[in-house]
Amino acid sequence: MTDTELRYAAMQVLKENDTGNFIKPAYRQYPHQWNWDAALIAIGLRTYDVPRARKEILSLLSGQWSDGMIPHILYPTGASDYFPIPDFWRTEGLPHGPAYPTSGLTQPPVLATAVRLIHKDATDKDASLAFVKEVYPKVLAWHRWFYAARDPEGTGLVAIIHPWESGMDNSTRWSEALSRIKLENVPSYQRKDFQHVREEERPSAQDYEYFMYLIGRYRDLQWEPEALYSKAPFLIQDVLLNAILARANTDLLMLGTEIGEPTTEIEGWLDKAREAFNERLWNHEEGLYFDYDLRAARPVQQNTCAALSPLYSGLPSSSQAQRLVDEHLSNPDEYAPGPNGQYYIPSTSKNSPLFEARRYWRGPVWININWFIIQGLRTYGYHDLADVITKQSLELVSKSGFVEYFDTRDGAPLGAEGFSWSAALTLDLLSELT
Ligand code: DGY
């Protein structure tokens with residue numbers, strides 16, 4: 001496929017998944033609006049249709065809760081055959097809640113970065129500035145919510161209360177913390193996620209028991225932030241989400257400066273995050289960043305793509321970045337092409353005993369992770385490696401289509417077909433090549 005053909009095919013996927021107001025992550029498998037999907041989709045849209053990119057962001061913001069939280073799933077068009085259905089969450093009518101049904105969880109905050117990228121290249125400067133002024137206070141309110149609700153102790157790192165908040169739902173990072181939870185009174189549920197995707201490529205039955213149990217606990221607490229933080233049986237400072245938040249804060253800072261807003265608060269968040277990444281998340285022996293489990297009061301020592309993700313935040317020193325790249329990303333037993341896999345970047349290190357080549361976030365390659373790491377490599381000057389991962393990502397979508405994830409061993413297609421962020425980020429990667 002030529003670059004032009006690939007670009008056209010990617011735009012077709014977004015067109016087919018477009019409901020008019022928001023783009024579905026995948027037509028059948030994910031028929032509502034998801035939080036980090038929307039931001040990543042907007043990053044791709046901006047390469048050919050800036051007004052449509054802005055509309056995607058405004059649709060996401062329409063689901064913002066009155067306390068500032070932006071939920072992980074928005075159901076503006078009501079129920080579908082996707083499970084959980086809107087009613088399962090019991091978020092309607094909450095005093096701090098949304099204007100229409102949404103989930104009660106949040107997701108990695110790529111939003112500020114998407115807004116900045118949309119604004120950076122826009123040619124209609126007045127309209128662009130008006131857009132930034134409109135959305136800035138809402139994005140700031142979300143970041144404030146993160147620190148108030150999920151870091152009330154002021155550590156500089158925010159916590160997740162459910163694996164779905166990480167976006168890496170069934171990562172090996174969560175297995176140990178979940179196994180400590182005693183399952184009782186799990187709400188009754190019926191999975192619908194095998195209708196369009198093979199069961200062995202989806203999270204396990206055991207994982208779903210924990211996912212549903214936690215939702216049951218939290219809806220009983222009426223999604224009240226203080227109660228959630230103090231009672232959540234799962235409370236983890238996730239490296240990837242915090243790396244994305246730090247990068248988003250850098251982007252928010254630049255936007256704030258441009259529109260003349262005070263930025264000391266954001267600078268404070270970044271200073272604290274830099275210190276906490278070093279002191280709490282960096283593991284000097286391994287040369288990796290690990291999540292911190294607040295309930296167990298210890299790091300989660302799992303080697304996954306998240307351990308490399310601080311590259312994207314720009315927080316590591318150049319020697320820390322070098323260790324991530326030389327000892328891990330470039331290691332054929334872990335993330336680089338080698339005898340056990342031809343494609344960058346498996347979601348779990350190939351030499352982990354928990355690696356599963358075809359199962360969702362436990363091994364397959366994801367285009368968004370490649371995109372985050374590519375951005376990070378460029379920040380630290382590793383342009384040759386960034387080019388290699390870019391070319392491999394484009395090769396994957398050219399040969400296997402815009403699927404949800406890929407087998408690192410041979411690039412085989414996995415998960416949902418016509419996956420929007422695989423298409424959107426292809427557009428962004430192509431625009432960087434030219
Ligand atoms: C799913 O349904 O698998 C989603 O990832 C939940 O957010």
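Each remark here, short or long, concerns the structure printed above.
These remarks concern the structure in this document. What you see is a predicted model; the values in this text were computed from it and never measured. (Residues numbered from 1 in each chain as written. Predicted model: local features only at pLDDT ≥ 70, side-chain atom pairs only at ≥ 80, totals over all residues. Heavy atoms only, no water.)

### Digging into the overall build of the protein chain
What counts, and what does not: Only DSSP runs of H or I reaching four residues or more are called helices, and only runs of E reaching two or more are called strands; each is numbered from the N terminus. Only protein chains enter the accessibility calculation, which uses a 1.4 Å probe; a residue whose area is less than 20% of its type maximum is buried, one above 50% is exposed, and one in between is partly exposed. Note on contacts: a residue pair qualifies if any of its non-hydrogen atoms lie within 4.5 Å across the two residues. Here the Shrake-Rupley method, with its probe set to 1.4 Å, supplies the accessible areas, and only the displayed protein chains count as covering residues. We score Asp and Glu as negative and Lys and Arg as positive, and we do not count His or the chain ends. Throughout, a charge is located at the NZ atom of Lys, the CZ atom of Arg, the CG atom of Asp or the CD atom of Glu.
When helices and strands are counted, the protein chain shows 17 helices and 9 strands. Taking all 434 residues of the protein chain together, the buried fraction comes to 63%. In the protein chain, of all internal contacts separated by at least 6 residues, the share reaching a separation of at least 24 is 71%. Of the roughly 15,900 Å² of accessible surface on the protein chain, 48% is carried by carbon and sulfur atoms. Charge centroids of the protein chain, computed over 41 positive and 57 negative side chains, lie 2 Å from each other.

### Points about the site of the ligand
Threshold: Definition of nearness: a residue and a molecule or strand are near each other if at least one heavy atom of the residue lies within 4 Å of the molecule or strand. Throughout this description, a polar contact denotes any pair of N or O atoms lying within 3.5 Å of each other; where both atoms belong to protein, one of them has to be capable of donating a hydrogen while the other can accept it, and for residues adjacent in sequence the pair is counted only when both atoms sit in side chains. The nonpolar class holds Ala, Val, Leu, Ile, Met, Phe, Trp, Tyr, Cys and Pro. Asp, Glu, Lys and Arg form the charged class, and all remaining residues, Gly among them, are polar.
Taken together, Tyr30, Trp34, His72, Tyr82, Trp164, Asp169, Arg202 and Tyr360 make up the full set of residues adjacent to the ligand. Note that an oxygen atom of the ligand is positioned 2.8 Å from one of the side-chain N or O atoms of His72. The fraction of the free accessible surface of the ligand (230 Å²) that becomes covered by protein chains is 94%. Among the residues forming the shell around the ligand, the class breakdown is 5 nonpolar, 1 polar and 2 charged.

### Let's talk about the nonpolar core
Our working definition: Note on terminology: a nonpolar core comprises buried Ala, Val, Leu, Ile, Met, Phe, Trp, Tyr and Cys residues joined through side-chain atoms within 4.5 Å.
If you look at the biggest cluster of nonpolar residues, it comprises 155 residues, and the most contacted ones within it are Ile57, Tyr218, Phe234, Leu329 and Phe372. Beyond its immediate stretch of four places on either side in the chain, Phe372 contacts Trp36, Leu40, Val110, Leu240, Ile244 and Tyr312.

### A few points about the sheet that holds strand E7 (residues 298–300)
Which entries qualify depends on this criterion: Two strands qualify as a pair provided that DSSP identifies no fewer than 2 bridges between them.
What the 3 strands build is an open sheet, ordered E3-E6-E7; its pairing is antiparallel. The open sheet is flanked by strand E3 (236–237) and E7, the only strands paired with a single partner.

### Some words on helix H5 (residues 111–120)
In terms of residue burial, H5 counts as a mostly covered element, since 8 of its 10 residues are buried. For H5, every residue scored as buried is listed here: Leu111, Ala112, Thr113, Ala114, Val115, Leu117, Ile118 and His119. In the core, the buried residues of H5 are packed alongside helix H2 (35–45), helix H3 (50–61), helix H6 (125–150), helix H11 (239–258), helix H13 (310–313) and helix H15 (367–379).

### Some remarks on the pattern of salt bridges
Rules: One side-chain nitrogen of Lys or Arg within 4 Å of one carboxyl oxygen of Asp or Glu is enough to make a salt bridge.
Here the structure, examined in full by the defined rule, presents 27 salt bridges. Here Arg116 makes a salt bridge to Asp251, at a shortest N to O gap of 2.8 Å. One end of the pair, Arg116, is in helix H5; the other, Asp251, is in helix H11, and 135 residues separate them in sequence. Linking Arg173 and Asp291 is a salt bridge whose minimum nitrogen-to-oxygen distance equals 2.7 Å. Placement of the pair is Arg173 in the loop between helix H7 (163–166) and helix H8 (175–179) and Asp291 in strand E6 (residues 291–293), with a sequence separation of 118 residues. For the pair Arg173 and Asp291, a shared accessibility class is recorded, and that class is buried. Sharing partners across several salt bridges, the network here consists of Arg46, Lys120, Asp121 and Asp428.

### With respect to the packing of H2 against H15
In plain terms, the rule: Between N-to-C directions, angles span 0 to 180 degrees; the directions come from axes that are lines fitted to C-alpha atoms, helices contributing only their stretch in contact. It is the rotation of the near helix from the far one that decides the hand of a crossing: anticlockwise by less than a right angle makes it left-handed, clockwise makes it right-handed.
Contact pair H2 / H15: the axes reach a minimum separation of 12 Å and the direction vectors enclose 65°. H15 is crossed by H2, and the crossing has left-handed handedness. Between H2, through Trp36, Leu40 and Ile43, and H15, the contact on the second element is made entirely by Asn368, Trp371 and Phe372. A per-class count over the contact of H2 with H15 returns 5 nonpolar, 1 polar and no charged.

### Some points on unusual backbone geometry
A cis amide bond links Phe83 to the next residue, Pro84, at an omega of 0°. By the secondary structure assignment, Pro84 is in the loop between strand E2 (73–74) and helix H4 (86–89). Ile345 follows Tyr344 through a cis peptide bond whose omega is -20°. Here the phi dihedral of Gln222 falls at roughly 55°; this positive angle occurs in a residue that is not glycine.

### So, the packing of H15 against helix H16 (residues 383–400)
For clarity, the cut-off: An angle counts as roughly parallel when it lies under 35 degrees, as roughly antiparallel when it exceeds 145, as roughly perpendicular when it falls between 65 and 115, and as oblique in every other case.
Contact pair H15 / H16: the axes reach a minimum separation of 8 Å and the direction vectors enclose 160°. Considering the angle they form, H15 stands roughly antiparallel to H16. The interaxial crossing formed by H15 with H16 has left-handed handedness. For the pair H15 and H16, contact is made by Ile367, Asn370, Ile374, Leu377 and Arg378 and by His383, Leu385, Ala386, Asp387, Ile389, Thr390, Ser393 and Val397, respectively.

### Thoughts on H16
Along an α-helix, residues three or four apart share an orientation, since each turn contains 3.6 residues. Quick reminder of the rule: Multiplying 1.5 Å by the helix residue count minus one yields the expected span of that helix.
The end-to-end C-alpha distance of H16, which contains 18 residues, comes to 26 Å, matching closely the 26 Å that a straight helix rising 1.5 Å per residue would cover. In this structure, the buried residues of H16 make contact with helix H1 (3–16), helix H14 (318–329), H15, strand E8 (405–406), strand E9 (413–414) and helix H17 (420–433). After H16 finishes, the residue Gly401 shows a positive phi value of roughly 90°.

### A look at the environment of Lys399
For Lys399, the location among the structural elements is in helix H16. Ignoring anything within four residues of it in the chain, the contact list for Lys399 reads Tyr343, Asp410 and Gly411. From its side chain, Lys399 meets the backbone oxygen of Asp410 in a polar contact 2.7 Å long.

### Focus: the packing of aromatic side chains
The criterion, for reference: Aromatic pairs are defined between Phe, Tyr and Trp rings, using the six-membered ring for Trp, whenever the two ring centres lie within 6.5 Å; interplanar angles under 30 degrees are classed as stacked, those over 60 as edge-to-face, and all others as tilted. Throughout this description, the term charge over a ring refers to an Arg CZ or Lys NZ atom that lies within 6 Å of the ring centre and within 35 degrees of the ring normal.
Taken as a whole, this structure holds 30 aromatic pairs when the rule is applied. Each ring, one from Trp36 and one from Phe372, has its centre 6.3 Å from the other, and the planes form 20°; the classification is stacked. Highlighted residues: Trp36 in helix H2 and Phe372 in helix H15, separated in sequence by 336 residues. Side by side, Trp36 and Phe372 carry an identical accessibility label, which is buried. A centroid spacing of 6.0 Å and a plane angle of 45° characterise the contact between Trp89 and Trp223, whose relative ring orientation is tilted. One end of the pair, Trp89, is in helix H4; the other, Trp223, is in the loop between helix H9 (205–220) and helix H10 (225–231), and 134 residues separate them in sequence. Residues Trp89 and Trp223 agree in their burial class; the two are buried. We note Arg191 situated over the ring of Tyr208; from NZ or CZ to the ring centre the distance is 3.6 Å.

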